[in-house]
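Here's the letter readout for the chains.
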Amino acid sequence: DNLLVLDTFPPVITCVTNQTLDDSADGTNDCQFTVTGTGFDPSVTEPCTPTTMTNDYNNAGSLDGAVFPVGGPYTINWTVTDANDNTSTCSHTITVVDTTAPTCVDQGGAINIIIGGNESVTLTADDLNIQYTDECGPVTVSFNPPTLD
């Protein structure tokens with residue numbers, strides 16, 4: 001007698017929770033997060049056969065080395081397949097944020113305005129030559145001048 005054993009059960013895949021990461025959490029402040037290690041990879045349980053796992057972000061079996069620019073959320077879809085072509089999927093998101101404040105560039109000097117009587121002066125941010133730099137992009141400067149009586 002022959003006994004035929006079929007593996008019709010898919011592997012079990014469990015994704016990590018959705019992640020929001022500061023771009024400097026990887027030890028740099030370069031407007032992106034680079035994954036080191038397998039901490040963002042799912043866990044897989046398959047008692048019968050070996051499995052292969054891939055994701056659609058970097059088309060690899062791990063996010064180790066994957067780079068996520070500031071932004072997102074990036075949805076990572078994972079697929080695990082066993083030797084009998086049974087598959088399971090899961091997904092999670094990674095969002096990368098920039099929490100480092102812009103830096104003011106000292107322009108030096110001062111602006112002195114002397115007005116008298118009923119004269120008035122209107123100042124804008126451009127008049128003040130205020131400049132900021134930010135590692136992750138352009139900075140918008142706004143100015144709310146005080147009202148002087």
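Only a predicted model underlies this, so the values are computations on that prediction, with no experimental measurement involved.

Colleague: Even after reading the chapter, I still don't get the sheet that holds strand β8 (residues 87-97), so can you show me in this structure?
Modeller: What holds strands together in a sheet is hydrogen bonding between their backbones, with the strands either parallel or antiparallel. Taken in spatial order, the 4 strands make up an open sheet running β2-β8-β7-β5, and their pairing is mixed. Two strands lie at the open edges of the sheet, namely β2 (19-22) and β5 (51-55), each paired on one side alone. Across the sheet, the axes of successive neighbouring strands diverge by a mean angle of 25°, strand direction being ignored. Bridging between β2 and β8 involves 4 bridges; their strand directions are parallel. Counterpart to aspartate 22 in the pairing with β8 is valine 97.

Colleague: In this structure, what is going on with the side chain of threonine 95? I would like to understand it.
Modeller: Residue position: threonine 95 is located in strand β8. With relative accessibility at 18%, the residue threonine 95 sits in the buried group. For threonine 95, the contacting residues outside a window of four places in its chain are Gln19, Thr20, Leu21, Gly71, Gly72 and Pro73.

Colleague: Could you clarify how one ought to interpret a nonpolar patch on the surface in this entry?
Modeller: On the surface, a nonpolar cluster with roughly 240 Å² of combined accessible area is contributed by Ile113, Ile115 and Val121. With a relative accessible area of 43%, isoleucine 115 lands in the partly exposed category.

Colleague: How should unusual backbone geometry be read in this particular structure?
Modeller: Going from glycine 72 to proline 73, the amide bond is cis rather than trans, its omega being 10°. Position of proline 73 among the secondary structure elements: in strand β7 (residues 71-82). The residue cysteine 31 is not glycine, and still its phi comes out positive at about 65°. Structurally, cysteine 31 is set in the loop between β2 and β3 (32-34). At aspartate 85, a position not held by glycine, the phi torsion is positive, near 65°. Structurally, the position occupied by aspartate 85 is in the loop between β7 and β8. The exposure class assigned to aspartate 85 is exposed, which follows from its relative accessible area of 63%.

Colleague: Even after reading the chapter, I still don't get the packing of aromatic side chains, so can you show me in this structure?
Modeller: The geometry of an aromatic ring pair is captured by the separation of the ring centres together with the interplanar angle, meaning the angle of the planes. The tally for this structure, following the rule as stated, stands at 4 aromatic pairs. Ring centres of phenylalanine 33 and phenylalanine 40 lie 6.1 Å apart, and the angle between their planes is 80°; this geometry places the pair in the edge-to-face category. Look at phenylalanine 33 and you get buried, because its relative accessible area is 7%. Pairing tyrosine 57 with tyrosine 74 gives two aromatic rings, centres 6.0 Å apart and planes at 70°, and the pair type is edge-to-face. Taken together, the residues span a long stretch of sequence, with tyrosine 57 in the loop between β5 and β6 (67-69) and tyrosine 74 in strand β7 at a distance of 17 residues. Here a set of aromatic residues connected by ring pairs shows up, and it is made of Tyr57, Phe68 and Tyr74.

Colleague: In this structure, what is going on with the state of the cysteines? I would like to understand it.
Modeller: Joining two cysteines, a disulfide is a covalent bond between their sulfur atoms. Taken as a whole and assessed by the stated rule, the structure comprises 2 disulfides. Residue pairing for cysteine 15: its cysteine sulfur links by disulfide to cysteine 90, the two sulfurs lying 2.0 Å apart. With the S-S bond torsion at 80°, the cross-link from cysteine 15 to cysteine 90 turns out right-handed. One end of the pair, cysteine 15, is in the loop between β1 (12-14) and β2; the other, cysteine 90, is in strand β8, and 75 residues separate them in sequence. The side chain of cysteine 31 participates in a disulfide bridge whose partner is cysteine 136; the two sulfur atoms lie 2.1 Å from each other. Its S-S torsion of about -110° marks the bond between cysteine 31 and cysteine 136 as left-handed, since a negative value means left-handed. On the criterion of sequence distance, the pair formed by cysteine 31 in the loop between β2 and β3 and cysteine 136 in the segment after β10 (131-133) is long-range, its members being 105 residues apart. According to the relative accessible area criterion, cysteine 31 is buried, its value standing at 15%.

Thresholds, definitions, all that
- Residues numbered from 1 in each chain as written.
- Predicted model: local features only at pLDDT ≥ 70, side-chain atom pairs only at ≥ 80, totals over all residues.
- Heavy atoms only, no water.
- Pairing = 2+ DSSP bridges.
- Helix = DSSP H or I, 4+ residues; strand = E, 2+ residues; numbered from the N terminus.
- Axes fitted to C-alpha atoms, helices over the stretch in contact; angles between N-to-C directions.
- Buried < 20%, exposed > 50% of the residue type's maximum accessible area, 1.4 Å probe, protein only.
- Contact = heavy atoms within 4.5 Å.
- Patch = residues over 30% accessible without salt bridge, like charges linked within 9 Å, V, L, I, M, F, W, Y side chains within 5 Å.
- Areas by Shrake-Rupley, 256 points an atom, 1.4 Å probe, with all protein chains shown as cover.
- Salt bridge = Lys/Arg side-chain N within 4 Å of Asp/Glu carboxyl O.
- Phe/Tyr/Trp six-rings, centres within 6.5 Å; stacked < 30°, edge-to-face > 60°.
- Disulfide = S-S within 2.5 Å.

Purely geometric numbers; function is a separate question.
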